[in-house]
There are 4 protein chains.
Amino acid sequence: MAQTERDQITMRSHVHRFTLTDPGNVSPLAEAFRSGQLDPATVVAVIGKTPGNGLVNDYTRGYLTQSLALLIGSHTGQSWQQVTERVPFIFSGGTEGVLTPHITVFCAEPGERSRASSIYSASADTSASPGLAIATAFTPALAPDAIGRNGQALATAEAVRNAMTAAGINDPADVHFVQVKGPCLTAAKMAEARSQGLAVAGTSADQSMALSRVASAFGVALALGEIQEDQLEEAAFLTDFRLWSGVASCSSGIEVSCNEIVLLGNSRHWQSDYRIGHRPMADALDIRAIYDLIDELGLDPAAPEIAAAFVKCEPDRRGLIRGQPHTMLNDGDLNPQRHIRGAVGAIAAAVFSDTRIFVSGGAEHQGPDGGGTVTAIARKPELAP
Amino acid sequence: MAQTERDQITMRSHVHRFTLTDPGNVSPLAEAFRSGQLDPATVVAVIGKTPGNGLVNDYTRGYLTQSLALLIGSHTGQSWQQVTERVPFIFSGGTEGVLTPHITVFCAEPGERSRASSIYSASADTSASPGLAIATAFTPALAPDAIGRNGQALATAEAVRNAMTAAGINDPADVHFVQVKGPCLTAAKMAEARSQGLAVAGTSADQSMALSRVASAFGVALALGEIQEDQLEEAAFLTDFRLWSGVASCSSGIEVSCNEIVLLGNSRHWQSDYRIGHRPMADALDIRAIYDLIDELGLDPAAPEIAAAFVKCEPDRRGLIRGQPHTMLNDGDLNPQRHIRGAVGAIAAAVFSDTRIFVSGGAEHQGPDGGGTVTAIARKPELAP
Amino acid sequence: MAQTERDQITMRSHVHRFTLTDPGNVSPLAEAFRSGQLDPATVVAVIGKTPGNGLVNDYTRGYLTQSLALLIGSHTGQSWQQVTERVPFIFSGGTEGVLTPHITVFCAEPGERSRASSIYSASADTSASPGLAIATAFTPALAPDAIGRNGQALATAEAVRNAMTAAGINDPADVHFVQVKGPCLTAAKMAEARSQGLAVAGTSADQSMALSRVASAFGVALALGEIQEDQLEEAAFLTDFRLWSGVASCSSGIEVSCNEIVLLGNSRHWQSDYRIGHRPMADALDIRAIYDLIDELGLDPAAPEIAAAFVKCEPDRRGLIRGQPHTMLNDGDLNPQRHIRGAVGAIAAAVFSDTRIFVSGGAEHQGPDGGGTVTAIARKPELAP
Amino acid sequence: MAQTERDQITMRSHVHRFTLTDPGNVSPLAEAFRSGQLDPATVVAVIGKTPGNGLVNDYTRGYLTQSLALLIGSHTGQSWQQVTERVPFIFSGGTEGVLTPHITVFCAEPGERSRASSIYSASADTSASPGLAIATAFTPALAPDAIGRNGQALATAEAVRNAMTAAGINDPADVHFVQVKGPCLTAAKMAEARSQGLAVAGTSADQSMALSRVASAFGVALALGEIQEDQLEEAAFLTDFRLWSGVASCSSGIEVSCNEIVLLGNSRHWQSDYRIGHRPMADALDIRAIYDLIDELGLDPAAPEIAAAFVKCEPDRRGLIRGQPHTMLNDGDLNPQRHIRGAVGAIAAAVFSDTRIFVSGGAEHQGPDGGGTVTAIARKPELAP
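Residues numbered from 1 in each chain as written. Chains lettered and ligands numbered in written order. Predicted model: local features only at pLDDT ≥ 70, side-chain atom pairs only at ≥ 80, totals over all residues.

- Going by what an unreviewed UniProt entry lists, chain A is known as Cyclic amide hydrolase and is assigned to Marinobacter segnicrescens.
- What UniProt records for chain A under Subunit (unreviewed entry) is the sentence "Homotetramer." (UniProt positions renumbered as here; feature names shortened; annotations may be inferred.)

In structure tokens form, the structure reads like this:
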């Protein structure tokens, strides 16, 4: 048998979703490890929703990270801290309304026809449809005067390009989701950096968090050609909302020092039962975008079966949705992010008929202004029952 | 005197929705009165969503009532307290997520072909499709040992029958929405009633509120034949959730002493540009029910245009939605009713493409267990542009 | 004409506190009017705590204003809107923890020995101790580019000086409390003003609210000599916290267009059973300040009996209290102002043995940084039982 | 030298408090272990406040437990789960207002004059004042029909007696604090137990939590003679509030299956720099109780220096404090427990001049109705600088 075609598919991806009843209870994943359903060594990233408030004082993200890393480390012989250096754990708190806390575990392993000499050969398998491709990447540690500024954007862009290469994706159109988690500054760290003469972006921790997300989003957009290099201007951050990435999903927190990136797309180099697609959402009510995505993935709109879905959304900062006022920005008791996650999450859950949706706020420059993005992974139509 | 067809249509209904920016600001309605768009004397009921939390300490409902009654009274020469005795003001607090605070003003006036001798004659106009019919009714004041018990249910049933007569509706199938606001007891009033030897239902104000809603719902169901008289058992309250009304929408509060009822349906006796329809929702994700209602009303699912919509919903008390856990019942920071209104309200808003939806929690025995109901008013298809 | 001692005392003040069970229920004050305990025509100001959240979407303040003004107007033959133009109604929402919603009604009337020719003559009664003096004042309407800036401070200073004159107080040391309610800008009004070329302070409604409070506080401090004119610099606003007023208590809101001022002090020109005192609080735990105030007012520390008390406080913006971290600034579920009101309000309530304390956050430049002020009105010691 | 006296003091206690910046950050304790300030093997109990909401969905307690047990286990060669079986970790969430998250680590080790033959000899050292005595105890696992019922109370009483013996305390008057953490039932476990014919107390998880605290409190009261055996009636639970323990501090949660007990008192058998005292609080404003405790401990009321303090409190269920209404029970946005912890915690913090106070709600039958208890540990007066 001729060698070529078999060489070209080198990796195989899996997607596993587990419901989470408590951030300290990782027994469903432990059972999957025990039963052999899932090999701990193949876990490359975990993305999930935890039951906290998703705001600064949400400790469920750290708790789940510690719990999962302890479990994986007990199988791989690593300390839990070592596991967190290798595997991005990207958690968003807040399962408002109908949403279910859960984790999606991404696994990658050498495919059955791989060869040692090269991961991806020049041409890909043309006999199978493109499969879900997964890659992670990390930027170097970011200096205080890079965070929320062009420096972070450029470093992110380079890491995204590296992740594309690692995923065997050449065409940016094949990238459908780039989850980024980046560092931000506290008020104390800002003061310290300024005292050293560094030019720091923002004047509060909240602003630093937002600007970090924005810089990450611009980095993704740059790497994928959604914006051009001459459009990368800090003056546009949080100002020129015509500039956005349709695939970036960015978060920030003080617990990381570099940008951690999980890139998902479709590639002929990957064997997988799954494929991925995405759509921008024009506003919080853009239910059409979700149906279009279902159509693109070849699913039955009356009973779509998804393996995972990701939504990025934002309370419209102008205070209006389709011309009518909303109250999210003026509610002293309930944070705007909790409002919007509960609302857009419910719309996605209803259309997908699935409550285990990753919904994340803070969508500045990630999808259209006042809207966001929706992304889904599903079995390939040809594999559907 | 010979009766002609022209005699038989005696009433005309209108529906006006106004966005609410502040419960103390009723200037949009004042402007409508001033411009003649709306005659203050024809206002028969106001149903609305206010921007409070919708819980016990939500004073936006009382504030809006006072503000609206002051305005209407300034036109009709009544004190604001007198206006509240004539016009039911039924407000639900809580515009979580994408929802817009608003009021829907229902007006009724003698139709152009009415005659003084009789409001409704034996047979109706067959040349026009049935139009939106509106009637209000009040039970007598309810004694403490009637509230949340069979006594309230039976009184409600009689008032609903009266309202049907007043609306010119004979067939219960033509009734599509019965909004009821009934009294409940505080802990103090319970203690007082018990000390007088009265058998009072419930042990807390919260329980009294729920039981009042339940008794009202059973009353509606009884009047409309959704349950039979032998099924009206207090033992079934909050227990046998197979018993429910598909059109009841019940609330309770300490500010009323009798049940106030607003009944909406379709009738050939009413001239109106509008008609009404409703569907039960099987669970919080039952998006199909909303599309079915849109279809029933003859609207374009891609761009439905509604005049008003009403949703009743409930966080599933078993903690699961389609087999997956939700966190609404365990969230110490955010009340379950705020969660569910934001979620189901967003689904309805997305499908209707309209954020001015009346969404109310506390749906015990009002629609299927864990679900609820959805109701909409729209222009008749033959009048659509 | 020879002046006698009888001429010199011209006014008489009263203080009445009423518990508030609902912002729409003003029946205790209505009963006091009915019984003659209180003359509606003598009401000069009302200061109170309402049961809302005290944040942007707290409508209990407006509701109580409408309810009280309706009641007073029904006695004075004015519309409720007219009453609000004459009487400052200054309400702070948020009765966290042990606090009780209540209103303090300030009344002033000509004293028994007054003469028509002049309100205050050159020398005062030396036979009685100074009594509680009350005056109100209003600045002209403030332009958008005055709000939160020197313009507002200077206008406030002039109004405070007018109020001192009206109160018959010459010595700033006799002024113990200056409650100011001033206007602020919404994001929309900021944009509009900027488009007209106006230099507007702040970039968000929250910032405008804070800057309005600060400008008011600087205005009070200037009028009372707590800061000098050359220290009134906008660069010091929210920056140089060594500058503060020990008697200013400032709030801001979009519902007013000028600064409304209620000034309280002690004066020999006033007949009153009451006197007032105040102390700065060094931090949120400064219980010593409250005991010192009790001592100054001649009260029994084991059973002080106060007629009213006012506390201004602030969650320390540096995140520390006496060297230990607090969590108020990072709590995504509970606003920092609700935290601090509940805490400092409880301390004051415990020391005063009285839960009807007016506690208000937003104490920037009102008392020491991280602390605030405490003020109390009590019967004169010589009148104590 | 005669043997006797040296034998009689056999144990030595230490108390260490550490500020907590994050439930995942136990580095201050790690540093204390590293520096030798504290021997990991001597840790017998940890009591602390975490920054969560202190309600059902507060995961900071579990996170801190996991983090601390990992740290201790890394020193003692145990898994973190093994550590939790030996050391009670009792955490209360919620550091509202001025409170600081922190842990108090209790250590016990053989004293310098101990002998192997017997821990406590018949008579104690009379040369030193009694020192802080510490003991822990566990009941057997509690069956569903024991929880919240007499069974739990009796088992608790026996464990408390065991702990007294272990602490070398004979006289109940020498016991000043008994922290109990007991199991409760979820709705699901209740249904399961009922289906097995078991008589289960309560109808909801909330009720089960309260009844578990009550049964624990009755158990403590029984062991210490605060109530007599014939007063232990389930009919009195949550009803007869004249029955209470002045030293019990009880919590409940689904994470434990037996009652865990930490008992603190004073004993001549313990060498310690510290002693402990307590007082009942008559209501939420009972500042006098705290000053009395300071006096009892021989501290300077103007600058008391405490090593730890514990407060149990409750929003008065009758809705009144000293005759005036509070709003804690009707606030739909802020749980009553968060309200009361912030209020009473602030009062204690102000009087003690210390923000690291353990404040816990749910004080049913733990101190007077509507009040609670206050407990403090301080250096013996003779050791004060």
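## A look at the overall build of chain A
And step 1. Across its full length, chain A holds nine helices and 15 strands.
And step 2. In summary, chain A has a C-alpha radius of gyration of 20 Å against a globular reference of 21 Å for 385 residues, a match within 12%.
And step 3. Dimensions along the principal axes, computed over C-alpha positions, put chain A at roughly 65 × 50 × 45 Å.
And step 4. The contacts in chain A between residues at least 6 apart in sequence include a share of 82% that link residues at least 24 apart. (Helix = DSSP H or I, 4+ residues; strand = E, 2+ residues; numbered from the N terminus. Rg over C-alpha atoms; globule rule 2.2 N^0.38 Å. Contact = placed C-beta atoms within 7 Å.)

## Regarding the relation of the copies chain A and chain B
And step 1. For the pair chain A and chain B, the relating rotation is 180 degrees, the translation along its axis is 0.0 Å, and the fit reaches an RMSD of 0.0 Å. Here the copies are linked by what is in effect a two-fold axis.
And step 2. Interface overlap between copies: 100% of the residues of chain A at the interface are likewise at the interface in chain B, consistent with a symmetric, same-surface contact. (Least-squares fit on C-alpha atoms with pLDDT ≥ 70 in both.)

## Some points on the UniProt feature "binding site: Mg(2+)" (unreviewed entry) in chain A
Residues and elements named next belong to chain A.
And step 1. Within the UniProt annotation, "binding site: Mg(2+)" (unreviewed entry) is assigned to E314, A363, Q366, G367, P368 and G371. Considering the C-alpha atoms alone, the annotated residues occupy 58 residues of sequence yet fold into one spot, their largest mutual distance being 9.8 Å.
And step 2. Mapped onto the fold, E314 is located in the loop between β11 (308-312) and β12 (320-321).
And step 3. Under the C-beta neighbour-count criterion, E314 is labelled buried, with 25 such atoms within 10 Å.
And step 4. G371 sits in the buried class, given 24 other C-beta atoms within 10 Å. (Buried ≥ 20, exposed ≤ 12 C-beta atoms within 10 Å, placed from the backbone.)

## Points about the relation of the copies chain C and chain B
And step 1. The operation relating chain C to chain B is a screw motion whose rotation component is 180 degrees, with 0.0 Å of axial translation and a residual RMSD of 0.0 Å.
And step 2. Most of the interface of chain C is mirrored in chain B: 100% of its interface residues are interface residues there too.

## Some thoughts on the sheet that holds strand β6 (residues 175-183) of chain B
Whether parallel or antiparallel, the strands of a sheet pair through hydrogen bonds between backbone atoms.
Residues and elements named next belong to chain B.
And step 1. Here four strands make up an open sheet; going across it, the order is β5-β8-β6-β7 and the pairing mixed. The sheet terminates laterally at β5 (131-138) and β7 (248-253), the two strands that pair on one side only. Strand-to-strand twist across the sheet, computed as the mean angle between neighbouring axes with direction ignored, equals 15 degrees.
And step 2. Note that β6 and β7 share six bridges and pair parallel. (Pairing = 2+ DSSP bridges. Axes fitted to C-alpha atoms, helices over the stretch in contact; angles between N-to-C directions.)

## Here we look at the interface of chain C and chain B
And step 1. Of the residues lining the interface, eleven residues belong to chain C; the matching set on chain B comes to eleven residues.
And step 2. In terms of residue class, the side of chain C that touches chain B is made up of four nonpolar, five polar and two charged. (Nonpolar A, V, L, I, M, F, W, Y, C, P; charged D, E, K, R; others polar.)

## Topic: the domain arrangement of chain A
Residues and elements named next belong to chain A.
And step 1. For chain A, the assigned domains are domain 1 (4-110), domain 2 (134-264) and domain 3 (273-383).
And step 2. The distance between the C-alpha centroids of domain 1 and domain 2 comes to 23 Å.
And step 3. With ten residues of domain 1 at the interface, the matching set in domain 2 holds eight residues.
And step 4. Going through the elements one at a time, β2 (43-50), β3 (89-93) and β4 (102-110) are the ones with two or more residues in the side of domain 1 that touches domain 2.
And step 5. For the side of domain 1 that touches domain 2, the element with the highest residue contribution is β2, accounting for three residues. (Domains from an automatic or database assignment.)

## Focus: the interface of chain A and chain B
And step 1. Taken together, the 36 residues of chain A in the interface contact 36 residues of chain B.
And step 2. Listing elements by their share of the side of chain A that touches chain B, those giving two or more residues are β13 (324-325) and α9 (336-352) of chain A.
And step 3. At eleven residues, the largest contribution of residues to the side of chain A that touches chain B is made by α9(A).
And step 4. When its residues are assigned to classes, the side of chain A that touches chain B shows 18 nonpolar, 13 polar and five charged.

## What about helix α8 (residues 287-296) of chain D?
And step 1. Three or more residues of α8(D) are buried, namely D:I287, D:A289, D:I290, D:L293 and D:I294. Seen along its axis, α8(D) keeps its buried residues to an arc of 160 degrees; they face one direction.
And step 2. Buried positions along α8(D) lie against α9 (336-352) of chain C together with β10 (274-281), α9 (336-352) and β15 (372-379) of chain D.
And step 3. At the exit of α8(D) stands D:G298, carrying a positive phi of roughly 75 degrees. (Arc of directions from axis to C-beta.)

## A word on the nonpolar core
Most often, soluble globular proteins keep nonpolar side chains buried together rather than apart.
And step 1. A:A348, B:A348, C:A348 and D:A348 are the most contacted members of the largest nonpolar core, which totals 468 residues.
And step 2. The contacts of A:A348, once residues within four sequence positions are left out, are A:I290, A:A309, A:V311, A:I357, A:V359 and A:V374. (Core = buried A, V, L, I, M, F, W, Y, C linked by C-beta atoms within 7 Å.)

## Some points on the environment of C:A248
Residue and element names in this part refer to chain C.
And step 1. Tracing the sequence through the fold places A248 in strand β7 (residues 248-253).
And step 2. By C-beta crowding, A248 is classed as buried, having 31 other C-beta atoms within 10 Å.
And step 3. For A248 and H365, which are 117 residues apart along the polypeptide, the C-alpha to C-alpha distance reads 8.6 Å.
And step 4. Leaving out residues up to four positions away in the same chain, A248 has contacts with V178, V180, S216, A217, V220, A221 and Q366.

## Brief notes about unusual backbone geometry
And step 1. In this structure, B:L238 takes a positive phi of about 60 degrees despite not being glycine.
And step 2. Tracing the sequence through the fold places B:L238 in the loop between α7 (205-223) and β7.

## Some details on the packing of helix α5 (residues 150-167) of chain C against helix α7 (residues 205-223) of chain C
Residues and elements named next belong to chain C.
And step 1. The geometry of α5 relative to α7 is characterised by a closest axis approach of 7 Å and an angle of 45 degrees between their N-to-C directions. By the angle between their axes, α5 is oblique relative to α7. Both α5 and α7 take part in a crossing whose hand is right-handed. From α5, Q152, A153, L154, A155, T156, A157, V160 and R161 reach across to α7, where they touch S212, A215, S216, F218, G219, V220, L222 and A223. (Parallel < 35°, antiparallel > 145°, perpendicular 65-115°, else oblique. Left-handed = near helix turned anticlockwise from the far one by under 90°.)

## A closer look at the pairing of strand β15 (residues 372-379) of chain C
Residues and elements named next belong to chain C.
And step 1. With seven of eight residues buried, β15 lies mostly within the body of the structure.
And step 2. One ladder, built from eight bridges, connects strand β10 (residues 274-281) with β15; its direction is antiparallel. Looking at β15, one finds that M281 is bridged to G372.
And step 3. Relative to β15, strand β11 (residues 308-312) is paired through five bridges, and the arrangement is antiparallel. What sits directly across from A308, in β15, is I377.

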